[in-house]
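Chains, contacts and geometry: an overview
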Amino acid sequence: MFDVNKIRKDFPILERKIWGDKQLIYLDNAATTQKPKIVIDAIVQYYETYNANIHRGVHKLAEEATAAYENVREKVKKYVSCDSNSEIVFTRNTTESINLLAYSLGESFSEGDEILLTEMEHHSNIVPWYLLRNRKKVNIKFAPITDQYELDYEKLEKLITKKTKVISITHKSNVLGTVNDIKKIAKLAKTNGSILIVDAAQSAPHMKIDFSDLGCDFLAFSSHKMCGPTGVGLLVGKKELFEKMSPFLGGGEMIRKVTFEDFTTNDVPWKFEAGTPNIADVIAFGVALDYIQKIGLDSIYKHEIELTQYALTKLRKFDFLKIYAPADVNKHAGIITFANPVVHPHDIATIVDQEGIAIRAGHHCAQPLMKKLGVSATSRASLYFYNTKDEIDVFIGALQKAFDYFELGACKELKEKVGERISK
Ligand code: PMP
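Time to look at the sheet that holds strand β8 (residues 195-199). Hydrogen bonds between backbone groups are what pair the strands of a sheet, and the pairing can be parallel or antiparallel. Here seven strands make up an open sheet; going across it, the order is β4-β10-β9-β8-β7-β5-β6 and the pairing mixed. Each edge of the open sheet carries a strand with a single partner, namely β4 (88-91) and β6 (139-143). For this sheet, the mean inter-axis angle between neighbouring strands, taken without regard to orientation, is 20°. In this sheet, strand β7 (residues 164-170) lies alongside strand β5 (residues 114-118) in parallel orientation, the contact comprising three bridges. Paired with Leu116 across the two strands is Ile167, which belongs to β7. The sheet contacts of helix α5 (residues 127-136) involve β5, β6, β7 and β8, and relative to β6 the element is tilted by about 150°.

A separate point is the domain arrangement of the protein. Taken domain by domain, the protein holds domain 1 (4-30 + 296-423) and domain 2 (40-293). Contact with domain 1, which involves 36 residues of that partner, is made by 34 residues of domain 2. In this assembly, domain 1 packs against domain 2 so that about 2900 Å² is buried in total across both faces, 58% of it on carbon and sulfur atoms. When the buried surface of domain 1 facing domain 2 is broken down by residue, Leu297, Leu369 and Tyr384 rank first, second and third, together holding 21% of it. At the boundary of domain 1 with domain 2, the tally comes to three salt bridges. With a closest N to O distance of 3.3 Å, Glu119 and Lys372 form a salt bridge. The interface formed by domain 1 and domain 2 contains 18 residue pairs in polar contact (both at pLDDT 80 or more). Of all elements in the fold, only α11 (297-315), β13 (322-323), β14 (335-339) and α13 (367-373) reach the threshold of two or more residues within the side of domain 1 that touches domain 2. Ranked by residues supplied to the side of domain 1 that touches domain 2, first place goes to α13 with six residues.

Bringing the environment of Pro247 into the picture now. Within the secondary structure layout, Pro247 lies in the loop between α9 (239-244) and β11 (255-258). Overall, Pro247 belongs to the buried group, its relative accessible area being 19%. Through-space distance from the C-alpha of Pro247 to that of Glu273 is 9.0 Å; in sequence the pair is 26 residues apart.

Soluble globular proteins: nonpolar side chains tend toward being buried together. In terms of nonpolar packing, the biggest core is built from 78 residues, with Val76, Val80, Leu196, Leu219, Phe221, Phe285 and Phe385 touching the most fellow members. If one sorts the elements of this core by residue count, helix α10 (residues 279-295) sits on top with 11 residues. If you count residues domain by domain, this core takes at least three from each of domain 1 (4-30 + 296-423) and domain 2 (40-293). Those residues in contact with Phe221, other than ones at most four positions away along the chain, are Val76, Val80, Asn93, Thr94, Ala200, Ala201, Ala204, Met226, Gly233, Leu234, Val236 and Phe285. Membership of the second largest hydrophobic core comes to 32 residues, among which are Phe320, Phe338, Ala381 and Ile392.

This next bit is on empty space enclosed by the protein. It is the rolling of a water-molecule-sized probe over the atoms that shows where space remains empty. Counted under the stated rule, the structure contains one cavity of 30 Å³ or more. One number sums up the size of the largest cavity: a volume of about 30 Å³. Across the lining of the largest cavity, the residue classes tally to three nonpolar, five polar and no charged.

The next subject is unusual backbone geometry. Of note, the amide linkage connecting Val268 to Pro269 takes the cis form, showing an omega dihedral of 5°. Along the polypeptide, Pro269 turns up in the loop between β12 (263-265) and α10. Notably, Cys365 is not glycine yet its phi reads approximately 55°, a positive angle. Mapped onto the elements of the fold, Cys365 is located in the loop between β16 (360-362) and α13.

In the vicinity of the ligand lie 13 residues, with Thr95, Asp199, Gln202, Ser222 and Lys225 positioned nearest. Asp199 is positioned with one of its side-chain polar atoms (N or O) 2.5 Å from a nitrogen atom of the ligand. Within the side chain of Gln202, one N or O atom sits 2.6 Å away from an oxygen atom of the ligand. Contact with the protein chains removes 88% of the 400 Å² of surface that the ligand exposes when unbound. Class assignment of the residues belonging to the shell around the ligand gives a composition of one nonpolar, 10 polar and two charged.

Basis of the calculations
What you see as residue numbers is a count from 1 along each chain, following the sequence as written. In keeping with the predicted nature of the model, local features appear solely for residues at pLDDT of at least 70, side-chain atom pairs appear and are counted solely at 80 or more, and the whole-chain, interface and lining totals rest on all residues. Working from all heavy atoms in the structure, the side-chain values ignore hydrogens and water. Strand pairing requires that DSSP identify at least two bridges connecting the strands. We count a stretch as a helix when DSSP gives it H or I for four or more residues in a row; a strand needs E for two or more, and each element gets its number in order from the N terminus. Axis lines are fitted through C-alpha atoms, for helices just across the contact stretch, and the angle between N-to-C directions can take any value from 0 to 180 degrees. The contact definition used throughout considers only heavy atoms, calling two residues in contact when any of these lie within 4.5 Å. Throughout the structure description, domain borders are defined by an automatic or database domain assignment. Values labelled buried area give the accessible surface lost by two parts on being combined, using a 1.4 Å probe and summing over both. Every case where a carboxyl oxygen of Asp or Glu lies within 4 Å of a side-chain nitrogen of Lys or Arg is listed as a salt bridge. Pairs of N or O atoms within 3.5 Å make up the polar contacts considered here, provided that, within protein, one atom can donate a hydrogen while the other can accept it, and that residues adjacent in sequence are counted only when both atoms are side-chain atoms. When a residue's accessible area, from a 1.4 Å probe over protein chains only, is under 20% of the maximum for its type it is buried; when over 50% it is exposed; and in between it is partly exposed. By nonpolar core is meant a set of buried Ala, Val, Leu, Ile, Met, Phe, Trp, Tyr and Cys residues that side-chain atoms within 4.5 Å join together. Here a cavity means grid points, on a 1 Å grid over the protein atoms only, where a 1.4 Å probe fits yet cannot get out; a pocket means an open set of points with protein on both sides within 12 Å along at least five of seven lines; lining residues are those with an atom within 4 Å of a point. Grid points are joined across faces, edges and corners, and a volume is the space filled by probe spheres set on the points. Each residue gets one of three labels, nonpolar for Ala, Val, Leu, Ile, Met, Phe, Trp, Tyr, Cys and Pro, charged for Asp, Glu, Lys and Arg, and polar for the others, Gly among them. Proximity is defined per residue: any heavy atom of the residue falling within 4 Å of a molecule or strand makes that residue near it. Each accessible area is a Shrake-Rupley result for a 1.4 Å probe, and residues are judged covered by the shown protein chains and nothing else.

Next comes the structure, spelled out in structure tokens:
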């Protein structure tokens, strides 16, 4: 049984008071989530009882640490339903996972090859491809979004050509919350012989992911957005592709043999894990995965849809506010981005912060998308399974205060301006 009040007790930080007596209300989960005590304890336990480097030593501690680290691959395998542990590479974060792909896949690309992205990508799925473009002179294209804040699948399809080597696309936008139809794109990619990369940073924490069923070639996500520690990223990918790719970083662990002349590479996944990895945090990430699965992704998703619906009903009463999201709540559960043309989102975030409420304001590492939306910044409330309707009520009350301060409700002409925000 999903019991949000019971769940909240697992998170020490949720007890925290801000500015003296304001109860923390954490609505910045798309940036990073809070950690349950068992995850924090797992880190302490590792350092207190079996801290050792892995894969090298034959002593007991090294064996224990290696087994615990490698066991997390097993947990990830179950979480995303991929075929084998060889398909799972630990990185530092989603950003590093995508950089690894852009670099290593990109080694075999040549001038004129094309990379297809979308207008709703996070910088971490844009800049690595720009870096590749600087090295290899590949062309980068962006599939547009519609005025309903969804991907324009027809236009995306038209942008695919025989030169499209990679389609790299977010599963769920960190700004709009839009969930993209990966299976549909996977079919197009497969027919065309393009590699499909999915940025699952915002989807993996909230919904069931089935790597085989999605039909993509690579999936990237971050531990810290799903109750795990910072400093651990995941790159799940098809083994045969990993085997063909050149390594990203060189050093210890990723080699089989090194001579005065050259080196040979280790098997995957270790070929892509150069140097001592983030052992403690990977192990604690395994605990986070168990924790999320115990709560259940179906329950998590259901709770988030309910909360989002509840928040939207209240937010829509501020009719001078523009909400950047698809009309169907099922398509953007957990993420609510809004703005109006007069008050800067940073001012809104600062005022609600005075009430102990953490939301995000800014460009959300998606400056091209902001340009498309015709704004320089937005405010974003992002939810997770430990948030409650009571918290939403306090948040709406704090927003009301902010809008009263700026006398927004009184500005009639604003309502008209709000209708003009999206640039076509
Ligand atoms: N992609 C998306 C959709 C994201 O929301 C984020 C984090 N905001 C990232 C990639 C990058 O994640 P990280 O900072 O953990 O590398």
